[in-house]
Amino acid sequence: MGEAALQADLHAVRQAVVHLADPEIPVISLGELGILREIRTGADGVPEVVITPTYSGCPAMGQIEDDVVAALREAGLPGRVVTQLSPAWTTDWMSEAAKDKLRAYGIAPPQGGSPPASPAGVLRFSRHAATPVDVPCPQCGSHNTTQTAPFGSTACKALYRCLDCLEPFDYFKPY
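Reading the values: the criteria
- Residues numbered from 1 in each chain as written.
- Predicted model: local features only at pLDDT ≥ 70, side-chain atom pairs only at ≥ 80, totals over all residues.
- Heavy atoms only, no water.
- Pairing = 2+ DSSP bridges.
- Helix = DSSP H or I, 4+ residues; strand = E, 2+ residues; numbered from the N terminus.
- Axes fitted to C-alpha atoms, helices over the stretch in contact; angles between N-to-C directions.
- Core = buried A, V, L, I, M, F, W, Y, C linked by side-chain atoms within 4.5 Å.
- Buried < 20%, exposed > 50% of the residue type's maximum accessible area, 1.4 Å probe, protein only.
- Contact = heavy atoms within 4.5 Å.

A. Quick look at the sheet that holds strand β3 (residues 80-83). Overall, mixed pairing links the three strands, which are arranged β1-β2-β3 in an open sheet. Every other strand in the sheet has two partners, leaving β1 (36-41) and β3 as the edge strands with one partner each. Across the sheet, the axes of successive neighbouring strands diverge by a mean angle of 25 degrees, strand direction being ignored. Taken together, the five bridges between β1 and strand β2 (residues 47-51) define a ladder with antiparallel strand orientation. Within β2, the residue paired with L36 across the bridge is I51.

Written as structure tokens, this is what we have:
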């Protein structure tokens, strides 16, 4: 297969999967969330859709893999899913469109960048000592908010409450 045909196949695979919705947050796509890392050709010539979970225990990864496989089948395209854990996913990979869609959906997007990485080979098992994050309410825009629980509807989110409009909301934690 020539290079042009190979690139056309990879483009077709990307078009078939880039707009698939995240199963836990259906208003954003895998591409916008940054879970969809790469479309490449495997050593055997079969297209590979590389995905990286938002965290290594993410329960949605099985559904995401099934959705990708179904989209490829529906489009009549060959391909397989490869889960890649390194480099670890970071909220820095989220598009600005995804952050805007989160806010419109009632989830506060991550504020600032991801926390600084540990030096190579060093594991951290405690919370990073960072200054408190200013999390604006996605409902009314107030900055008068407080964290009520470190985990929200999923492990990648924290539960917050606005002290002005009194609405609870999820905050997508920066990683």
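Back to the text.
B. Quick peek at the sheet that holds strand β4 (residues 107-108). Spatially, four strands are ordered β4-β7-β6-β5 in an open sheet, and the strand pairing comes out mixed. Both edges of this open sheet fall to β4 and β5 (145-149), since each of them pairs with a single strand only. Inspection of the sheet shows strand β6 (residues 157-162) paired to strand β7 (residues 168-172) by five bridges, in the antiparallel sense. Paired with R161 across the bridge in β7 is P168.

C. Geometry of the nonpolar core. Ranked by size, the top nonpolar core spans 29 residues in total, and within it V17, L36, V49, I51, I64, V68 and F172 carry the most contacts. For this core, the elements supplying multiple residues, two or more each, are α1 (3-17), α2 (30-33), β1, β2, α3 (61-74) and α4 (96-105). Tallying contributions element by element places α3 first for this core, with five residues. V68 has contacts with V17, L20, L30, V49 and V81, leaving out every residue within four places of it along the chain. Counting residues in each nonpolar core, the second largest holds eight residues, with A108, V135, Y160 and C162 among its members.

D. Representation of unusual backbone geometry in the model. A cis geometry characterises the amide bond from S86 onward to P87, with omega recorded as 0 degrees. Checked against the element boundaries, P87 lands in the loop between β3 and α4. One non-glycine residue, L166, lies in positive phi territory at about 65 degrees. Tracing the chain through its elements places L166 in the loop between β6 and β7.

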